[in-house]
Amino acid sequence: MEPTATMSASPVPAVEREPAAVRARRLTAARRRATALLVAVTVLFLVVTSAGVHGILLGYVQAGAEASMVGGVADWFAVTALFRRPLGLPIPHTALLVERKDQFAGTLGQFVQENFLNADVLAERVRSAGLVPRVASWLAKEANAARFAGHAADLVVKGAEALRDEDVQRVFTAELTRAVAAVDVAPLAGRALRVIVAEGHHAELFNALLSGVDRYLADHYDELRELFEAESPRWMPDAVYRRVFDRLHTRLRQRLEAMAGDPDDEARHQFEEWIAGLPDRLETSAELRERGERFKLDVLGSAGLRDWSSSLWQQAKDALRTQAADPESELRRRLAGVLMAAGQRLASDRSLQEGLERVVESGARALADQFHDELAGLVTGTIERWNAAETSGQLELLLGRDLQFIRINGTVVGAGVGLALHAIALALA
């Protein structure tokens, strides 16, 4: 386990990202260098061989050039055979990446499954990464918490905007209907009214009713006068019924004002007696219960409720959008405060860290056990869908430059082996 931990702790070099055109130029240059070296030793071999009889020194040169040429050609064949058929010849076991792409896909999928999606490997990686302490120390900083809160708020807004308004309205209306349908309106109104009466708010209700009636009379004077004129006898002069209406209108408003200002007014006492007995009637009367249920069903089925739920959702989205866009908004400040407090608590509580690490490790194990076959199949299926020739070309761009050094190394190592073998042959002779 110790070597694994050491490897996990060591930094992983970043993969160099280069455009395809740059990789193609570098591959071409490397291929030309390797080919130039092979051509050079071939020319050297031909020159020395054509010289005929030569001494010990030229013998070594000839042997080294010959072996170098053989090593270079062999490695050229091996490297080329990975991606295409050398010289276009149908030689068996060449163009391996093109011919065996699907087998390669299955092998790679199995390799990923066994070595990367293994539960023990993932758990060890999570454990050695120290994920929980690092997240805690990062969140404990105010700037980081504020930045994360901004991203979280934006995510909430995007999630809200992704929902269809009609779906949200339908769910909201359905849930409201389900909740309200289980409540008897009349008994509930009776209990609420009993609380109002017990706390003495019914007097304020009476005054509010009087004020509302008075305001209606004042605001609808012309309308009420036209109604009065329509009901008056035709033989009565206009001036008479107008004067009568004005007097009735004025006296009625004066009466309302007197009722509101007199705590001992008879109408007030009658209202108090009526409203004091109303809670019992609402809670016990079958007729009032039935009326309450009909009223509830009418409200739940009304277009006004749908319009209200739609406007409520639009207001909620607008408020979320505004709060998420403002770094100083209440939403982002509160969210940043919660995140920073959570980071500080997590950084200072070692037992909490260990518990959360166990949860993360268990989650990694569960994901590996549950989805490793699917993920391995994703790797295999993805590679199987690739075009074989294009895949080979892309891999050659990625790996071909380094593979050209194999050709160079083969040419150089071949020369060394040729010199050694020639020396051995002379010694044995």
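Residues numbered from 1 in each chain as written. Predicted model: local features only at pLDDT ≥ 70, side-chain atom pairs only at ≥ 80, totals over all residues. Heavy atoms only, no water.

Considering the overall build of the protein
The secondary structure content of the protein amounts to 19 helices and zero strands. Expected size for 429 residues packed as a compact globule is a radius of gyration near 22 Å; at 45 Å, the protein overshoots this value by more than 25%. Principal-axis analysis of the C-alpha atoms places the extent of the protein at approximately 155 × 60 × 40 Å. For the protein, the proportion of its 429 residues judged to be buried stands at 24%. Once local pairs closer than 6 in sequence are excluded, the contacts in the protein between residues at least 24 apart make up 74%. For the protein, the separation between the mean place of its 50 positive charges and that of its 58 negative charges on side chains is 8 Å. (Helix = DSSP H or I, 4+ residues; strand = E, 2+ residues; numbered from the N terminus. Rg over C-alpha atoms; globule rule 2.2 N^0.38 Å. Buried < 20%, exposed > 50% of the residue type's maximum accessible area, 1.4 Å probe, protein only. Contact = heavy atoms within 4.5 Å. Lys, Arg positive; Asp, Glu negative; His and termini not counted. Charge placed at Lys NZ, Arg CZ, Asp CG, Glu CD.)

Observations regarding helix α18 (residues 350-385)
When the local axis directions of α18 are compared, the greatest deviation, roughly 60°, occurs at phenylalanine 371. Where α18 is concerned, the buried positions are Gln353, Glu361, Ala364, Ala368, His372, Ala376, Thr380, Gly381 and Ile383. Against α5 (101-115), α6 (119-129), α7 (131-139) and α17 (330-348) lie the buried residues of α18. (Bend = angle between axes of the 7 residues up to and from the residue.)

A word on the packing of aromatic side chains
Inspection of the entire model under this criterion finds one aromatic pair. For the pair tryptophan 138 and phenylalanine 148, a centre-to-centre distance of 6.4 Å together with 85° between the ring planes defines the contact as edge-to-face. Here tryptophan 138 is found in helix α7, whereas its partner phenylalanine 148 is found in helix α8 (residues 142-162), with ten residues between them in sequence. According to the relative accessible area criterion, phenylalanine 148 is partly exposed, its value standing at 39%. (Phe/Tyr/Trp six-rings, centres within 6.5 Å; stacked < 30°, edge-to-face > 60°.)

Things to note about the packing of α6 against α18
At a minimum axis separation of 8 Å, α6 and α18 run at an interaxial angle of 155°. In this view, α6 runs roughly antiparallel relative to α18, as classed from their interaxial angle. Between α6 and α18 the crossing geometry is right-handed. Taking contact as the criterion, the partners of Ala119, Asp120, Leu122, Ala123, Val126 and Arg127 in α6 are, on α18, Val360, Glu361, Ala364, Arg365, Ala368 and Asp369. Its residues placed into classes, the contact of α6 with α18 shows seven nonpolar, no polar and five charged. (Axes fitted to C-alpha atoms, helices over the stretch in contact; angles between N-to-C directions. Parallel < 35°, antiparallel > 145°, perpendicular 65-115°, else oblique. Left-handed = near helix turned anticlockwise from the far one by under 90°. Nonpolar A, V, L, I, M, F, W, Y, C, P; charged D, E, K, R; others polar.)

Things to note about helix α10 (residues 185-198)
Given a rise of 1.5 Å per residue, 14 residues ought to cover 20 Å, and the 20 Å separating the end C-alpha atoms of α10 matches this to within 8%. When we look at burial in α10, the residues that qualify are Ala186, Pro187, Gly190 and Leu193. Projected down its long axis, α10 shows its buried positions confined to an angular sector of 120°, all on one face. Tucked into the core, α10 has its buried residues touching α14 (266-284) and α15 (286-300). Positive backbone phi, at 75°, marks glycine 200, one or two positions downstream of α10. (Expected span 1.5 Å × (residues − 1). Arc of directions from axis to C-beta.)

Description of the nonpolar core
The biggest cluster of nonpolar side chains holds eleven residues, and these are Ala186, Leu193, Phe206, Leu210, Leu217, Leu256, Met259, Phe271, Ile275, Leu278 and Leu282. For this core, the elements supplying multiple residues, two or more each, are α10, α11 (202-219), α13 (238-261) and α14. It is α14 that provides the largest number of residues to this core, a total of four residues. Not counting chain neighbours up to four residues away, the residues in contact with alanine 186 comprise Leu282, Leu288 and Arg289. (Core = buried A, V, L, I, M, F, W, Y, C linked by side-chain atoms within 4.5 Å.)

Thoughts on the confidence of the model for the protein
Interpreting fine coordinate detail is not advised for predicted regions of low pLDDT. Summarising the model, the protein shows a mean pLDDT of 79, and 93% of its residues fall at 70 or more. Mean pLDDT across the elements of the protein bottoms out in helix α1 (residues 2-9) (38) and peaks in helix α2 (residues 20-50) (89). Low pLDDT (under 50) marks residues 1-15, which in the prediction has five contacts with non-local residues, meaning those over four places away or in another chain. (pLDDT = per-residue confidence, 0-100.)

Details of the pattern of salt bridges
Applying the stated criterion across every chain, the model contains ten salt bridges. Several salt bridges converge on common partners, so that one network encompasses Glu161, Asp318 and Arg321. (Salt bridge = Lys/Arg side-chain N within 4 Å of Asp/Glu carboxyl O.)

Topic: unusual backbone geometry
Residues other than glycine predominantly adopt negative phi, and peptide bonds predominantly adopt the trans conformation. Positive phi is not limited to glycine here, since leucine 87 has a value of about 60°. With respect to the element layout, leucine 87 can be found in the loop between α3 (56-83) and α4 (96-99).

Quick word on the packing of α3 against helix α19 (residues 388-428)
Where α3 contacts α19, the axes come no closer than 6 Å and their chain directions differ by 155°. With respect to α19, the element α3 is oriented roughly antiparallel. Read as a crossing pair, α3 and α19 show a hand that is right-handed. Looking at the contact of α3 with α19 residue by residue, the classes come out as 16 nonpolar, twelve polar and three charged.

Side note on the environment of glycine 400
Within the secondary structure, glycine 400 is located in helix α19. For the pair formed by glycine 400 and glycine 130, sequence separation is 270 residues and the distance between their alpha carbons is 37 Å. Among all residues touching glycine 400, those that are not within four sequence positions of it are Leu27 and Leu395.

A closer look at the side chain of serine 329
Locating serine 329 in the fold gives a position in the loop between α16 (303-325) and α17. You can call serine 329 buried: its relative accessible area is 4%. Among the polar contacts made by the side chain of serine 329, one reaches the main-chain carbonyl oxygen of glutamine 323 at a distance of 2.5 Å. Side-chain polar atoms of serine 329 contact the backbone oxygen of aspartate 326, separated by 2.9 Å. (Polar contact = N/O pair within 3.5 Å; in protein donor to acceptor, adjacent residues only side chain to side chain.)

Brief notes about the environment of valine 360
Mapped onto the fold, valine 360 is located in helix α18. Separated by 229 residues in sequence, valine 360 and leucine 131 place their C-alpha atoms 8.9 Å apart. Beyond its immediate chain neighbours, meaning those up to four positions away, valine 360 contacts Val126, Leu131 and Val132.

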